[in-house]
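# Residue-level structural notes
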Amino acid sequence: MLELHPAFKATLEQNLLNYISTRGGESLNLAQILTRGTAIDGGLFVPEKWPSVSQTQLSKLLTGEYTEIAGRVLELFGADSLATNSITDVVSKAMQAFPQPVGPPVTQLKKGLWTLELMHGPTLAFKDFALAPLAEIIASTLMHENRQATVLCATSGDTGAATVSAFANRDNLRAVVLFPEGGVSEFQRKQMTTTGADNVLTLCVKGDFDACQHMVKALYQTDAAKAYGYTAVNSINLVRILLQTAYYFRTSGLIKSKTGNASNFVVPTGNFGNVYAAYIAKQMGAPINRLIVTSNDNDVLPRLFESSIMQGNTTVKTISPSMDIQVSSNFERLLWHIKNGDGSAVQAAQQSLETNSRYTLSETEMQSLTTDFQALRCTESEANSAMQHMQNKFNKTICPHTATGVHAYLTLGDDSEAETIIVETAHPAKFSEAVAKATGITPTVPSHASQLMESQEVMHSVDANIQAVQATIDDFFS
Ligand SMILES: *Cc1c(COP(=O)(O)O)cnc(C)c1O
C-alpha cells in the first residue's frame, strides 16, 4: 500500500475543506461533491479557500510520480471524507491502464520550449488522466457504500471516449454518453460505440455540444435523477479537475528543477476545465507564470479578453471538435474568483448570460483576469500551418487541438522570463483526416488504443430534448 507522506498527514486536520456553490448556496465536503453535478442553485462547486500548503508539502507536490502527486493533491482537498482505501492506491490502480504510469512525458523541443504529452492514455486524450482515476474512485466509494449510480456525460468526443473506457463493464455503475450528431471524428465515435458493454448507452443527439451539455445539466434536476443516481463526470466535476491539477504540479516542478525557470502553459481550451486545473496549481504555489488559453473559430474566450464581454455565438464545426464550444462551463469558477467569491454577483452574471446571452466584466475584473491569463484564437488555416511547422521543424506530428497552442506560441514568441509548455491534448491519430490533409502524414494509432475499433458500433439516435433522452435511457436499462 502506498503511504501518504508524513508532511501531509500532519496538516490534514487544518485542511478540512468545504465546497460551496459559485452562486452562493450549499456547503459540502469532497465525498459529497464526488458524484454531484451542479449545485442546487445551478452553480458549480468551488473550494471555499485554497488548502494551505507548507514549503515541505509544496516540494512534495512538485516531485515524484503522477500517482503520488494526485494522491497528495486529493488529500489536501479532503480525500479523507471519501469512503475508499488509500486514495493513492485507488489512483495507482487506474494508472495501470496507461503506457507510462509514472506520468505524462515532458519533452523539450528547443531552448525555452517544451510539450506536455497528455495524449498517451487509453483513449489518446488528456481526459484519461481525470476519468480513469475518477471512475476508480467512484467505483470504490459505491462499493463501500453499497450504492449504484449512473454517470451522465455530454461530450464533444474525447470525454465520451474516456468515460466509456473508464466505466465500461463495471458493477454498480452505468454510463450514458451524449454526443452531437456529426460533431465528433469517426475515431472518437467508434471509441464510444464499440465496447459492447451493456452498462453503457451511447446517444447520438440531433443538436450541438452545447445542447448536449444543457440537457445533462437539466437531467440532474428531474425526478429520474434520484432513481438512477445521476452523477456528473463532465469537467464540471471538481474531482476530475483536481486530478488534472497533479500534472501541472509535476510538470512545472520538473521544468523548474531542470531550468530554474517558471512555466507558461499554453492550453487548448473548450470548457475551461484543463486550464482551470493549471490555475489551481498556480494558486497553490506551483512555479507557473502565465496561462495562455487558445481556441479555434469558436472564440468565446478570446472575444471576452478583447471586449470584456462574455457572449456565446453559434457553434461552428472545426477540425478541432473537442473545442467546438461556446459555453465554457468552468469559466464560472474563475468568475467566482475574480468576483472575490461573491456568489450573488456570479448568480447575476450567469442569469444575464441565460436571459440576455451576455455579461460584461468591469475594468478591475478584467485586470484580475489578465493577471494570470491571456487568450488567442486560431483559424483552420493557422492550425494547418502550425501542424506543418511542427512536422518540418521538429518532426513531430500533432493533433489539430494542440495546433491552436502551437499557433499561439508562434504568435507570442519566446518568453525571456519563463519556459513555454504547449499542452498536447490529444493524439494526432484521433484526427488523422485533418492531420493528413495538413501535413501529408497519416499518424499511426498506438497499439494499446487500436483494439475494439473493428467491432460492431452500437448507438441510439435521439432528439435534443430531455423527455426523449430520458425515455431512451428508461428503455435501454429496463
Ligand atoms: C476536452 C479537450 C479540450 C478542451 O479542454 P477543456 O478542459 O474542456 O477546456 C482540448 N483538446 C482536446 C483534445 C480535448 O479533448
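The structure contained in this document is the topic of the report that follows. The structure presented is a predicted model; accordingly, all values stated were derived computationally and were not measured.

Now for the overall build of the protein. Scanning the protein from N- to C-terminus turns up 20 helices and 16 strands. If you line up the protein on its principal axes, its C-alpha atoms span 60 × 55 × 50 Å. Buried positions account for 61% of the 478 residues belonging to the protein. Considering only residue pairs separated by 6 or more positions, the protein has 77% of its internal contacts joining residues 24 or more positions apart. Entry remark: accessible area of the protein is about 17700 Å², with carbon and sulfur atoms responsible for 47%. Each charge sign in the protein was given a centre, from 34 positive and 45 negative side chains, and these centres are 3 Å apart.

Take the pattern of salt bridges next. Under the defined criterion, the tally for this structure stands at 17 salt bridges. Note that Arg 23 and Glu 332 form a salt bridge whose closest N and O atoms lie 2.7 Å from each other. Here Arg 23, found in the loop between β1 (19–21) and β2 (27–28), pairs with Glu 332, found in helix α14 (residues 331–338); they are 309 residues apart in sequence, far enough to count as distant. Accessibility classification places Arg 23 together with Glu 332 in one group, the buried group. Notably, a salt bridge pairs Asp 463 with Lys 206, separated by 3.8 Å at the nearest N-O pair. Of this pair, Asp 463 sits in strand β16 (residues 460–463) while Lys 206 is found in strand β8 (residues 200–206), placing the two residues 257 residues apart along the sequence. The class of Asp 463 is partly exposed, set by a relative accessible area of 41%. Residue Lys 206 is classed as partly exposed on the basis of its relative accessible area, which comes to 42%. Connected via shared salt-bridge partners are Asp 299, Arg 303, Glu 306 and Arg 377.

Take the pairing of strand β11 (residues 288–295) next. Burial runs high along β11: 6 of the 8 residues are buried. Pairing of strand β10 (residues 262–268) with β11 involves 5 bridges; the strand directions are parallel. Bridge pairing in β11 links Phe 265 to Leu 291. For the crossover that starts at β10, traverses helix α12 (residues 273–283) and ends in the parallel β11, the hand is right-handed.

Most of strand β5 (residues 113–117) sits inside the fold, with 5 of its 5 residues counted as buried. Of the two faces of β5, both are covered, the one formed by Leu 113, Thr 115 and Glu 117 as well as the one formed by Trp 114 and Leu 116. Here 4 bridges tie strand β4 (residues 106–110) to β5, and the two strands are oriented antiparallel to one another. Across the sheet, Lys 110 pairs through a bridge with Leu 113, a residue of β5. Taking the residues that link successive antiparallel strands as the turn, the β4-β5 hairpin has 2 residues, and the phi of Gly 112 there is positive, at about 85°. When β5 meets strand β15 (residues 418–424), the two strands line up parallel, connected through 5 bridges. The residue of β15 that forms the bridge with Glu 117 is Glu 424.

With that settled, consider unusual backbone geometry. Positioned with a positive phi, Asn 169 is a non-glycine residue whose angle comes to about 60°. Tracing the chain through its elements places Asn 169 in the loop between α7 (158–167) and β7 (173–180). Its relative accessible area of 59% is what places Asn 169 among the exposed residues. Although it is not a glycine, Asn 395 adopts a positive phi angle of roughly 55°.

As a matter of local geometry, the ligand sits amid 15 residues, with Lys 127, Asp 158, Gly 270, Asn 271 and Asn 274 nearest to it. Between the ligand and Asp 158, the relevant distance is 2.4 Å, taken from an oxygen atom to a side-chain nitrogen or oxygen of the residue. In this structure, Asn 274 approaches the ligand through a main-chain N or O atom, which is 2.8 Å from an oxygen atom. Expressed as a share of its isolated accessible area of 380 Å², the protein-covered part of the ligand is 97%. In the shell around the ligand, the residues fall into 5 nonpolar, 8 polar and 2 charged.

Relative to the elements of secondary structure, Leu 243 occurs in helix α11 (residues 238–259). Through-space distance from the C-alpha of Leu 243 to that of Val 73 is 7.7 Å; in sequence the pair is 170 residues apart. When neighbours within four sequence positions are excluded, Leu 243 is seen to be in contact with Tyr 66, Ala 70, Leu 74, Val 91, Phe 129, Ala 130, Pro 133, Leu 134 and Ile 137.

Conventions and cut-offs
Residues numbered from 1 in each chain as written. Predicted model: local features only at pLDDT ≥ 70, side-chain atom pairs only at ≥ 80, totals over all residues. Heavy atoms only, no water. Helix = DSSP H or I, 4+ residues; strand = E, 2+ residues; numbered from the N terminus. Buried < 20%, exposed > 50% of the residue type's maximum accessible area, 1.4 Å probe, protein only. Contact = heavy atoms within 4.5 Å. Areas by Shrake-Rupley, 256 points an atom, 1.4 Å probe, with all protein chains shown as cover. Lys, Arg positive; Asp, Glu negative; His and termini not counted. Charge placed at Lys NZ, Arg CZ, Asp CG, Glu CD. Salt bridge = Lys/Arg side-chain N within 4 Å of Asp/Glu carboxyl O. Pairing = 2+ DSSP bridges. Right-handed = clockwise from strand over helix to strand, strands pointing away. Near = heavy atom within 4 Å. Polar contact = N/O pair within 3.5 Å; in protein donor to acceptor, adjacent residues only side chain to side chain. Nonpolar A, V, L, I, M, F, W, Y, C, P; charged D, E, K, R; others polar.

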